[in-house]
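Geometric and topological summary
Now for the letters of each chain:
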Amino acid sequence: QYIARREGDDWIFNGDKMFCTAGGVSNYVTVMVRTDPKGPITKSVTQFVIDTRKPGWSIARVNDMMGNELVSNVQMHFENYKLPDRYRVSPVNGAFDVMKSRLAGKSLHMFAVLGWAERAWEDMKEYAMARIQGGKPIIQHNNVGMLVAETDCLLRLARLQLYQDAWEWHNQGEGQMRDVLGWYYINWFIKKALMRVVEAGLEIYGGMAPQKELTFEHWVRVHLSIMHGGSTGLLSLVKAANIIGRTTPSAPKADVLAET
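Residues numbered from 1 in each chain as written. Predicted model: local features only at pLDDT ≥ 70, side-chain atom pairs only at ≥ 80, totals over all residues. Heavy atoms only, no water.

Burial analysis of strand S3 (residues 28-34) places 5 of its 7 residues in the buried class, the great majority of the element. Across 7 bridges, S3 lies against strand S4 (residues 45-51) in antiparallel orientation. In the sheet register, Thr30 faces S4, and the bridge partner there is Val49. (Buried < 20%, exposed > 50% of the residue type's maximum accessible area, 1.4 Å probe, protein only. Helix = DSSP H or I, 4+ residues; strand = E, 2+ residues; numbered from the N terminus. Pairing = 2+ DSSP bridges.)

Encoded structure:
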């Protein structure tokens, strides 16, 4: 946990932030920090741009992530780190609404996740077309061809779902929040499709799947390392169910149902 307190025109930060993507190489990172130690989290967080070259900011540890990381991921440490108020980018204690608007950015994250899954699928298909068993490529065996076709369908559906989500954000209007139900569905479905690609690959590659001479084991590590993004898929379904429960009209009474 880390906290910032105000002193005149400056803010003083103390504490640690566990995960920071690109924190080891970026001169600036954005953080949301508790600025009211007693209030509820939805009314106690403020967003800042942090200059990592200022004294008081340091790297507590480098997080060695499973799979692929384009940039380093670190734990940040703040010790009497002083930052002028002009680096504040949200109202004081008002960053929670800014945080909610990040769902559009999370959709972009899912496009990247889909890209990883599609690359894994392409490798699986090429392997199935190149490996000969029983006198023909294994993709021509029904059990393997079916797996390639099934995962292709899942990825096509995931892509269309993301296109719809992007279209809805685009047409919502600048600065407007849309219904988050679509995001929760995406977060669940794409992860389900992704894991099915991994499962199908284990069947297609067979005993070769864990061999480092193939790229498949790398794709598995990448997929598992990004499964946490935007909360778990099941948690997204719980959130979606709560939204549906609040917006669905009440069910008819039992005696009305009996008459119909």
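Now for the packing of aromatic side chains. All chains considered together, the criterion is met by 10 aromatic pairs. Residues Phe78 and Tyr81 carry aromatic rings whose centres are separated by 5.6 Å and whose planes lie at 75° to one another, so their mutual orientation is edge-to-face. The same class applies to Phe78 and to Tyr81, which are both buried. Between Tyr205 and Phe216 the ring centres are 4.9 Å apart and the planes differ by 40°, which places this aromatic pair in the tilted class. One end of the pair, Tyr205, is in helix H4 (residues 181-205); the other, Phe216, is in helix H5 (residues 216-225), and 11 residues separate them in sequence. What makes Phe216 buried here is its relative accessible area of 2%. (Phe/Tyr/Trp six-rings, centres within 6.5 Å; stacked < 30°, edge-to-face > 60°.)

Of all the 10 residues making up H5, 7 are buried; the element is thus mostly covered by neighbouring parts of the structure. Buried residues of H5: Phe216, Glu217, Trp219, Val220, Val222, His223 and Ser225, and no others.

The subject of this paragraph is the pattern of salt bridges. Under the criterion given, the structure shown has 12 salt bridges. Residue Arg159 pairs with Glu118 through a salt bridge whose shortest N-O separation is 2.4 Å. Of the two residues, Arg159 sits in helix H3 (residues 142-172) while Glu118 sits in helix H2 (residues 103-130), which places them 41 residues apart along the sequence. Residue Arg196 pairs with Glu203 through a salt bridge whose shortest N-O separation is 3.8 Å. Residue Arg196 is classed as buried on the basis of its relative accessible area, which comes to 18%. By relative accessible area, Glu203 is classed as partly exposed at 47%. (Salt bridge = Lys/Arg side-chain N within 4 Å of Asp/Glu carboxyl O.)

Nothing here speaks to function; it is all geometry.
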